[in-house]
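What the coordinates show
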Amino acid sequence: MKAAEPYTKGTYFKTVADPDNKLANYFGFSIVPNGIFVDEDGTMRLIKQGFQNSKEEHIEAVEKLIYGDTEKVELDDQYYNPPSRSDLLQKQLAQTKFRLGMEYLNQDRKNAALNELDEALLLDPDNFLIRKQRWYIRHPEKFSPTIDIEWQKEQLEKERQEEAEQHGMVCGPEGCYIPGTD
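Predicted model only: the values in this text are computed from it and were never measured.

Every second residue of strand E1 (residues 34–38) is oriented toward a common face, the buried set being Gly35 and Phe37 and the non-buried set Asn34, Ile36 and Val38. Sheet analysis places E1 next to strand E2 (residues 44–49), joined by five bridges and oriented antiparallel. Bridge pairing links Ile36 to Ile47 in E2. The antiparallel hairpin formed by E1 and E2 contains five residues in its connecting segment, where Gly42 sits at a positive phi of about 90°.

Here is the structure:
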């Protein structure tokens, strides 16, 4: 997958792209890219949400696994937080809308794709994968030839502020105030 090429340059291990978000959905990932190291016997030895080949500790972890210096690596964050039963259906509907949006995009039906992705984000507002796909469709120039990370940070802040205002919250530097909670 062309979008993943900048992240795999310089690596000497096999990489796999997940255009259908199956692994992200299974592990509950909400950002990209991610790293999952599976040995030749099929045993998972490393799972890292937000894996980056530019971070020395991430590459060192994979090298330790390749060279057999360790059996398993756990990096500094928790990668899997299963949703509560009450959130599960909502997240599943969000993923269904995400997949439908991607199918519309494959058919070059951008407006229909964006509509489904917008609805998916309403159901799962913390899912950065959905949010980022919407940005990519609306602002492809921010993703090629390089990804504009600063723009993404600004866009995320702007959208979070708009979402808070729509829900009657007031946000400032310390976070968001929810009316009726004082």
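So, on to the nonpolar core. The biggest cluster of nonpolar side chains holds 11 residues, and these are Ala94, Phe98, Met102, Tyr104, Ala113, Leu114, Leu117, Ala120, Leu121, Ile130 and Ile137. Looking at this core, the elements with two or more residues in it are helix H4 (85–106), helix H5 (110–123) and helix H6 (128–138). If you tally residues by element for this core, the top one is H5, at five residues. Sequence-distant contacts of Phe98, defined by excluding residues within four places in its chain, comprise Asn21, Leu117, Ala120, Leu129, Ile130 and Gln133. Of all hydrophobic cores here, the second largest spans nine residues; its members include Leu46, Ile59, Val62 and Val73.

A few words on the packing of aromatic side chains. Enumeration over the complete set of coordinates arrives at four aromatic pairs. Centroid distance Tyr136 to Phe143: 5.4 Å. Interplanar angle 80°. Geometry classified as edge-to-face. Through pairs of rings, three or more aromatic residues link up here, namely Phe128, Trp135, Tyr136, Phe143 and Trp151.

Inspection of the entire model under this criterion finds 14 salt bridges. Between Glu163 and Arg131 there is a salt bridge; the shortest N-O distance is 2.9 Å. Of this pair, Glu163 sits in helix H7 (residues 149–166) while Arg131 sits in helix H6; the two residues are 32 residues apart in sequence, bridging distant segments of the chain. Here Glu163 and Arg131 have matching classes, each one buried. Two residues, Arg134 and Glu159, come together in a salt bridge whose shortest N-O distance is 3.4 Å. Here Arg134, found in helix H6, pairs with Glu159, found in helix H7; they are 25 residues apart in sequence, far enough to count as distant. For Glu159, a relative accessible area of 8% translates into the label buried.

Cut-off values and rules
Residues numbered from 1 in each chain as written. Predicted model: local features only at pLDDT ≥ 70, side-chain atom pairs only at ≥ 80, totals over all residues. Heavy atoms only, no water. Buried < 20%, exposed > 50% of the residue type's maximum accessible area, 1.4 Å probe, protein only. Helix = DSSP H or I, 4+ residues; strand = E, 2+ residues; numbered from the N terminus. Pairing = 2+ DSSP bridges. Core = buried A, V, L, I, M, F, W, Y, C linked by side-chain atoms within 4.5 Å. Contact = heavy atoms within 4.5 Å. Phe/Tyr/Trp six-rings, centres within 6.5 Å; stacked < 30°, edge-to-face > 60°. Salt bridge = Lys/Arg side-chain N within 4 Å of Asp/Glu carboxyl O.

Keep in mind these numbers describe shape, not what the thing actually does.
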